[in-house]
Amino acid sequence: MAAIVIVGAQWGDEGKGKVIDFLAQQADMVVRHQGGNNAGHTVVVNDQEFKLHLVPSGILYPNTLCVIANGVVIDPAVLLEELHYLQSRGVDVSRLKISSKAHVVMPYHTQLDALNENHRGDQKLGTTLRGIGPAYMDKAARIGIRIADLLHPEELRERLSRALEEKNRVLTRAYGAEPLDFDALYERFLGYGDALRPYVADTSIIINEAIDRGDRVLFEGAQGTMLDIDHGTYPYVTSSHPSAGGAAIGAGIGPTKINRVYGVAKAYTTRVGDGPFPTELRDSLGDSIRERGQEYGTTTGRPRRVGWLDAVVLRHSVRINGLAGLALTRLDVLDGLPALNIATAYRCREGEIKEFPDTASVLRTAEPVYETLPGWDTPIGQARHLRDLPDNARRYIERIEELVGVPVVLVSVGRERASTIVRAEMF
Ligand code: IMP
């Protein structure tokens, strides 16, 4: 019996899609519990590439039940398009369940995301412009629209008219934009409700029953710990809880039901969007790692910022999430580099610190303290066991384990499912 949570241990884009897809082979159920279509996973199955934003990658296995739980914010147009895309590629999507309590990303959320970012000028957050922040704002402000409302015309009429009155006030008065038309929105979202109806359920019941039956349930985190609204680099964060605690609230299970949490970390670091990034490489080495690793966002196509591995960030992630181990991805991207740096601490005005700073002002002055390890020049993409790796690659992994304090349980050396070294069973 196992319920395990997989989280991003850095700033998102750690390669969770590949790790989750790999583990989904053994899972009976895969659950998304936070974020929305700001996320993007690329999964390669038999040389075929699938790009997913909302539907858990478990959908690519014929017997895995997939759930989009209450903590996710759903843009119905995007979800329906993704379902059509999967169906057109022969994937059976009838095994998907969507929470009736999940909040809906409305067109005014997407519009306000862009307007807010524009208004911030050089203080912009670099959001994905998918309306995620504004949708979570409305959830907290208690004027959100939930999936269940789309199934009930009277409920939708009442809630949408209340929300739209406020949104049109902001759009017209604060931003000088055109107001949105109630009737058009109402009809369109009732239509989405009809299309989604077969998938909608109280998913907390489904998930709890699966756990109680002893099924293997995988909770698929989106984004990463450093983008957590409480524990990340606020305000340069997303609006949900990508850290492990988010799984309990976002899926409607008690924390006691979670058996283990694993973090996914790249063998280096990337970040997309603005905000602090102490180990960032702003030079040609950073550019060359970006090109080798094809570090461009799955969702927005933006070039990712690239830097050295940061053990301070990873230790923070181990603590915030209670990690039992790390899955280390994209180790092959480092092939051929003569030397590799790992940040072991930061040097700040206050002196040397080993914990990730809790304030922006300290973080601003943080300079990484690096330890340098020798690289390897043989390509490692074909390695299937730890013993297949060059000594220096093994040494790099061991050093990460020493610095971070948890074992590396899985190493990914390529995009395909087979390009994976398993060191310990995760389920
Ligand atoms: P938002 O989630 O669109 O509001 O964006 C807030 C911050 O989170 C921005 O820096 C985004 O680039 C970042 N972000 C959101 N989703 C992802 C993701 O899936 N991967 C990496 N960064 C993300």
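Scoring rules and cut-offs
Residues numbered from 1 in each chain as written. Predicted model: local features only at pLDDT ≥ 70, side-chain atom pairs only at ≥ 80, totals over all residues. Heavy atoms only, no water. Helix = DSSP H or I, 4+ residues; strand = E, 2+ residues; numbered from the N terminus. Rg over C-alpha atoms; globule rule 2.2 N^0.38 Å. Buried < 20%, exposed > 50% of the residue type's maximum accessible area, 1.4 Å probe, protein only. Contact = heavy atoms within 4.5 Å. Lys, Arg positive; Asp, Glu negative; His and termini not counted. Charge placed at Lys NZ, Arg CZ, Asp CG, Glu CD. Expected span 1.5 Å × (residues − 1). Arc of directions from axis to C-beta. Pairing = 2+ DSSP bridges. Near = heavy atom within 4 Å. Polar contact = N/O pair within 3.5 Å; in protein donor to acceptor, adjacent residues only side chain to side chain. Areas by Shrake-Rupley, 256 points an atom, 1.4 Å probe, with all protein chains shown as cover. Nonpolar A, V, L, I, M, F, W, Y, C, P; charged D, E, K, R; others polar. Domains from an automatic or database assignment.

Caption draft 1: Quick look at the overall build of the protein. Counting its secondary structure elements, the protein contains 13 helices and 20 strands. The globule rule puts the C-alpha radius of gyration for 427 residues at 22 Å, and the 22 Å found for the protein is close to it. Counting only C-alpha atoms, the protein reaches 65 × 50 × 40 Å along its principal axes. The proportion of buried residues among the 427 residues of the protein is 58%. Sequence-distant contacts, at least 24 apart, represent 75% of the contacts inside the protein between residues at least 6 apart. Charge separation in the protein, taken as the distance between the mean sites of 49 positive and 55 negative side-chain charges, equals 2 Å.

Caption draft 2: Here's a closer look at helix 3 (residues 107-120). For helix 3, spanning 14 residues, the distance from its first C-alpha to its last is 20 Å, which sits close to the expected 20 Å at 1.5 Å a residue. Among the residues of helix 3, Y108, H109, L112, D113 and E117 are the ones counted as buried. End-on, the buried residues of helix 3 take up no more than an arc of 165°, which puts them together on one face. Those residues of helix 3 that are buried are in contact with strand 8 (103-104), helix 4 (132-141), helix 6 (153-174) and helix 7 (182-196). Just downstream of helix 3, G121 is the residue with a positive phi angle, here 55°.

Caption draft 3: Structural view of the side chain of T128. By the secondary structure assignment, T128 is in the loop between helix 3 and helix 4. Residue classification places T128 among the buried residues on the basis of a relative accessible area of 17%. Setting aside chain neighbours within four positions, we find T128 in contact with N38, T300 and R302.

Caption draft 4: Representation of helix 10 (residues 284-292). By the burial criterion, the buried members of helix 10 are G286, I289 and R290. All buried residues of helix 10 fall inside an arc of 105° around its axis, so they share one side. Turning to helix 10, the residues buried within the fold contact strand 13 (305-307). Count one or two residues on from helix 10 and you reach Q294, which has phi positive near 45°.

Caption draft 5: A look at unusual backbone geometry. Cis geometry is found at the peptide bond from Y234 to P235, where omega equals 5°. Positionally, P235 belongs in the loop between strand 10 (216-220) and helix 9 (245-251). One non-glycine residue, D13, adopts positive backbone phi at about 60°. Located in the positive-phi region is Q294, a residue other than glycine, with phi close to 45°.

Caption draft 6: Quick look at the pairing of strand 15 (residues 325-329). Burial of strand 15 is extensive: 5 of the 5 residues sit out of reach of the surface. Residues of strand 15 alternate between two faces, with G325, A327 and T329 on one and L326 and L328 on the opposite face, all of them buried. Bridge count for strand 11 (residues 260-266) against strand 15 is 5 bridges, and the pairing is parallel. Bridge assignment links A265 to a residue of strand 15, and that residue is L328. Pairing analysis gives 3 bridges linking strand 15 to strand 19 (residues 408-412), with the strands arranged parallel. Bridge assignment links A327 to a residue of strand 19, and that residue is L410.

Caption draft 7: Molecular detail of the environment of A345. Along the chain, A345 falls in strand 16 (residues 339-348). According to the relative accessible area criterion, A345 is buried, its value standing at 0%. The spacing of A345 and E355 is 10 residues in sequence and 7.5 Å in space, taken between C-alpha atoms. Each residue touching A345, except ones within four places of it in the same chain, is listed here: V312, E352, I353, K354, E367, P368 and V369.

Caption draft 8: Representation of the site of the ligand within the structure. Around the ligand sit 15 residues, and of these N38, T128, T238, V272 and R302 come closest. With respect to the ligand, the backbone of V272 contributes an N or O atom lying 3.0 Å from an oxygen atom. At a separation of 3.0 Å, an oxygen atom of the ligand approaches a polar side-chain atom of R302. Out of a free accessible area of 460 Å², the ligand has 97% covered by protein chains. Considering only residue class, the shell around the ligand consists of 6 nonpolar, 7 polar and 2 charged. Counting contributing residues per domain, the shell around the ligand is built from domain 1 (2-91 + 202-422) and domain 2 (103-199), each supplying no fewer than three.

Caption draft 9: Just the side chain of R304, in detail. Locating R304 in the fold gives a position in the loop between helix 10 and strand 13. By relative accessible area, which is 6% here, R304 ends up buried. Within the structure, the side chain of R304 is placed 3.2 Å from the side chain of D13, a separation counted as a polar contact. Separated by 2.7 Å, the side chains of R304 and E295 make a polar contact. If we ignore the near neighbours within four places in the chain, the residues touching R304 are D13, K266, T270, R271, V272, R290, Q294, E295, Y296, G297 and T298.

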